[in-house]
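Here are the chains, one letter per residue:
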Amino acid sequence: KGGVGKSTITTNLACALQILLDSKGKPGVGIMDCDIYGPSIPLMLGAAGRPEIQNDMILPISNFGVRTISMGFLVDEDTPVVWRGPMIMKTIQQFAQNVDWGELEILVVDLPPGTGDAQLSLVQTIPLDGALIVTTPQPAASNVARRGARMFEKVNVPLLGVVENMSYLKDAQGNHQMLFGQGGGQATAESLETNLLAQVPIDPAMREGCDQGIPIVISDPESDSSKAFFTVAEGILKQLCP
Ligand code: ADP
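A brief structural summary. In this text the structure is predicted, and so the values were computed from the model without any measurement.

## Structural notes on helix α7 (residues 204-212)
Residues that lie three or four places apart on an α-helix share one face, since the helix turns once every 3.6 residues. Those residues of α7 lying buried are M206, G209 and C210. Axial view of α7: buried residues confined to an arc of 105°, hence all on one face. Within α7, the exposed residues directed more than 90 degrees away from the buried face are P204 and Q212. Looking at the buried residues of α7, the elements they touch are α1 (6-23), α2 (41-45), β8 (159-165), β11 (196-200), α8 (216-219) and α9 (224-240).

Written out as structure tokens, the structure reads:
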């Protein structure tokens, strides 16, 4: 669902995976930003510039060791992308096939909300090892998340788990305030027969980090939210690179 924090989670998860893979001496992480209409990965990752072309291949732009390609690098911020399905499909095919990623252990793909052209193009273009479902605690979000998850199941993409975002806000006394209700992540995971990998708190520092292009995992790796991201990253590595 829009606004639940998919791009925020993509960016922080990619950085957490990069740090963990680095420490194991393994190749790193890329992010393919498939949100063609509203790309936010470049801003959140603090990656800017125009991708160069080398031997007919697009070179990704990297920051914090994470390589990324996004529509955000190809159009300027104020230009709306007004494209129909076939153009979206073509762009996602290019991102998947014509980017020189170098050696990668994991490619994280950020998808727009819903079950539309981007999702369809992606599953038709490259084999996917798994889908991570992001939801917030309230039922409206988890219902939409479930629908998205079922789409991946239909095309035989295994579910890696659920991340519940904006689970609570820690007040000055250390109590958890459940601003958006509770239980959505767990209920979503149970109904999809997968695991709730982590609950990410509401964290104003995380929002600031997104706007400044310094993910919280980099700026404050010991924070509660960063710990949640490392837990998700470890959960994914356990499943994909045992
Ligand atoms: P989506 O990709 O699902 O549309 P975003 O990742 O763009 O959502 O997040 C929407 C906004 O909410 C962004 O401004 C982001 O910084 C903020 N945000 C996301 N998760 C959190 C969180 N746990 N705490 C504070 N702000 C958050």
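## Section: unusual backbone geometry
For N55, which is not glycine, the phi dihedral falls at a positive 50°. You can see N55 is positioned in the loop between β2 (53-54) and β3 (57-58). A positive phi is found at D56, a non-glycine position, where the angle reads about 65°. Inspection of the secondary structure assignment puts D56 in the loop between β2 and β3.

## Re the sheet that holds strand β7 (residues 131-135)
Read from one edge of the open sheet, 3 strands run β7-β8-β11, paired in parallel fashion. One side of each edge strand has no neighbouring strand; the edge strands of this open sheet are β7 and β11. Along the sheet, successive strands turn relative to each other by an average axial angle of 20°, direction set aside. In this fold helix α6 (residues 184-191) packs onto β7, β8 and β11, with an angle of close to 165° to the strand it touches most, β8.

## Description of the sheet that holds strand β5 (residues 66-70)
With mixed pairing, 4 strands are arranged side by side in an open sheet as β4-β5-β1-β6. Each having just a single partner strand, β4 (61-63) and β6 (104-110) make up the two edges of the open sheet. With strand direction ignored, the average angle separating the axes of adjacent strands in the sheet is 25°. Inspection of the sheet shows β4 paired to β5 by 3 bridges, in the antiparallel sense. Paired with N63 across the strands is V66, a residue of β5. Against the sheet, α1 contacts β1 (28-33), β5 and β6, and its axis sits at roughly 165° relative to β1.

## Thoughts on the pattern of salt bridges
A pair can form between side chains of opposite charge whenever their charged atoms are brought close. As enumerated under the stated definition, the model contains 3 salt bridges in all. Note that K170 is salt-bridged to D224, the shortest N-O span being 2.8 Å. Taken as a pair, K170 in strand β9 (residues 169-170) and D224 in helix α9 lie far apart in primary sequence, 54 residues in all. For K170, a relative accessible area of 44% corresponds to the partly exposed category. Looking at D224, the relative accessible area reads 32%, which means it is partly exposed. Here D211 and R207 are joined by a salt bridge, their closest N and O atoms 2.5 Å apart. Highlighted residues: D211 and R207, both in helix α7, separated by 4 residues, approximately one helical turn. According to the relative accessible area criterion, R207 is partly exposed, its value standing at 48%.

The rules behind each value
Residues numbered from 1 in each chain as written. Predicted model: local features only at pLDDT ≥ 70, side-chain atom pairs only at ≥ 80, totals over all residues. Heavy atoms only, no water. Buried < 20%, exposed > 50% of the residue type's maximum accessible area, 1.4 Å probe, protein only. Helix = DSSP H or I, 4+ residues; strand = E, 2+ residues; numbered from the N terminus. Arc of directions from axis to C-beta. Contact = heavy atoms within 4.5 Å. Pairing = 2+ DSSP bridges. Axes fitted to C-alpha atoms, helices over the stretch in contact; angles between N-to-C directions. Salt bridge = Lys/Arg side-chain N within 4 Å of Asp/Glu carboxyl O.

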